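Results of the structural survey
So you can see what is in the structure, the chains are spelled out below.
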Amino acid sequence: MNYIEVDIKDFIATVTLKRPEAMNAFNYDMLVELGNVAEELRTNADVRVVVVTAAGDKAFSVGADLKERRGLTEQQVRRNVYKIGDVFNRIADLPQPTIAAINGYAFGGGMELLLACDFRVTSRQTKMGLTETSLAIIPGAGGTQRLPRIIGEAKAMELILTAKRFTGEEADRFGLITRLVEDSSQVVDGAKELAHEMLKNGPVAIQQAKFAIRQGMSVDMQTGLQIERKAYEVIIPTEDRVEALVAFQEKRAPEFKGK
């Protein structure tokens, strides 16, 4: 059974979680499939932006499949926790910009998936949260590390330790959301609008800028500046850099090829 659908059009890969009957909860097979999709997208030259969303009108994802979890041995639980963390790391490490189009509930692992993306688009009413402590566990797929880096340590600590559920509007105030739309039916369109704004720019430059930012955030300033310089050096011999200069001189829009 296919739990993940991928549609590639106009350099945008739309990745859809397809388990709406289970609120798009992650069972082991779904995680394996999502990890394989991430690896395929990594080297696909026809993909310049990735949008992650979900089927149905209720949930983006409510996290781990607790029905499956109840029947697992401790060893299998460890396997699943490792797998979900590994898969979300693969998504976070994609060279292309990633946008979560959050069309419904995002709890636990579902919220950790949107945290692994670079940008987040949702509606005012959407409910989300890292609710694991209410189940006597902790976020195990990056939530304790990514949320503080996005919204700050104190607020992240509060949200995780209280297992608070909050709305998209509240998340926007926390600084978690990139774009807020009025209705969940608009989130994919909102994500694609953001994608098209990036697609106007040089594909190699976009990837190198993302690389420099992501790598630089975990090191000191001087090391970060060296990372930036190396990323810039990758761009210098590209055809797109020359095309941008020629297009500027000719007063036309550049035609970038990602080379």
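Please refer to the structure higher up on the page.
First, a word on what this report is: a plain description of the structure on this page. (Residues numbered from 1 in each chain as written. Predicted model: local features only at pLDDT ≥ 70, side-chain atom pairs only at ≥ 80, totals over all residues. Heavy atoms only, no water.)

**Overview of the nonpolar core**
The biggest cluster of nonpolar side chains holds 45 residues, and the ones touching the most others in it are F88, L147 and L176. Among the elements that make up this core, the one with the highest residue count is helix α1 (residues 28-42) (six residues). Excluding its chain neighbours within four sequence positions, the residues that come into contact with F88 are F26, L34, G109, E112, L113, A116, A141 and R146. Within the second largest apolar cluster, 13 residues are counted, among which are I12, A101, V181 and L194. (Core = buried A, V, L, I, M, F, W, Y, C linked by side-chain atoms within 4.5 Å. Buried < 20%, exposed > 50% of the residue type's maximum accessible area, 1.4 Å probe, protein only. Helix = DSSP H or I, 4+ residues; strand = E, 2+ residues; numbered from the N terminus. Contact = heavy atoms within 4.5 Å.)

**Let's talk about the sheet that holds strand β8 (residues 127-129)**
Pairing is mixed across the open sheet formed by four strands, whose spatial order is β4-β6-β8-β9. Of all strands in the sheet, those bounded by a partner on one side alone are β4 (59-61) and β9 (166-167). Where β4 meets strand β6 (residues 105-107), two bridges bridge the pair, whose relative direction is parallel. In the strand pairing of β6, A59 is matched with Y105. Sitting on the sheet, helix α4 (residues 109-116) is in contact with β4, β6, β8 and β9, with an inclination near 95 degrees to β6. (Pairing = 2+ DSSP bridges. Axes fitted to C-alpha atoms, helices over the stretch in contact; angles between N-to-C directions.)

**Re the sheet that holds strand β1 (residues 4-9)**
Taken in spatial order, the six strands of this open sheet run β1-β2-β3-β5-β7-β10, and their pairing is mixed. The strands lining the two open edges of the sheet, one partner per strand, are β1 and β10 (179-181). Ignoring which end each strand starts from, the neighbouring axes of this sheet average 20 degrees apart. Direction of pairing for strand β5 (residues 98-102) relative to strand β7 (residues 119-123): parallel, over a ladder of four bridges. Paired with I99 across the strands is F119, a residue of β7.

**With respect to the packing of helix α3 (residues 74-92) against α4**
Put simply, α3 and α4 touch, their axes get as near as 8 Å, and they point 25 degrees apart. Between α3 and α4, the interaxial angle falls into the category roughly parallel. In this structure, the crossing between α3 and α4 has a hand that is right-handed. On α4, the residues touching I84, F88, I91 and A92 of α3 are G109, E112, L113 and A116. Looking at the contact of α3 with α4, its residues break down into six nonpolar, one polar and one charged. (Parallel < 35°, antiparallel > 145°, perpendicular 65-115°, else oblique. Left-handed = near helix turned anticlockwise from the far one by under 90°. Nonpolar A, V, L, I, M, F, W, Y, C, P; charged D, E, K, R; others polar.)

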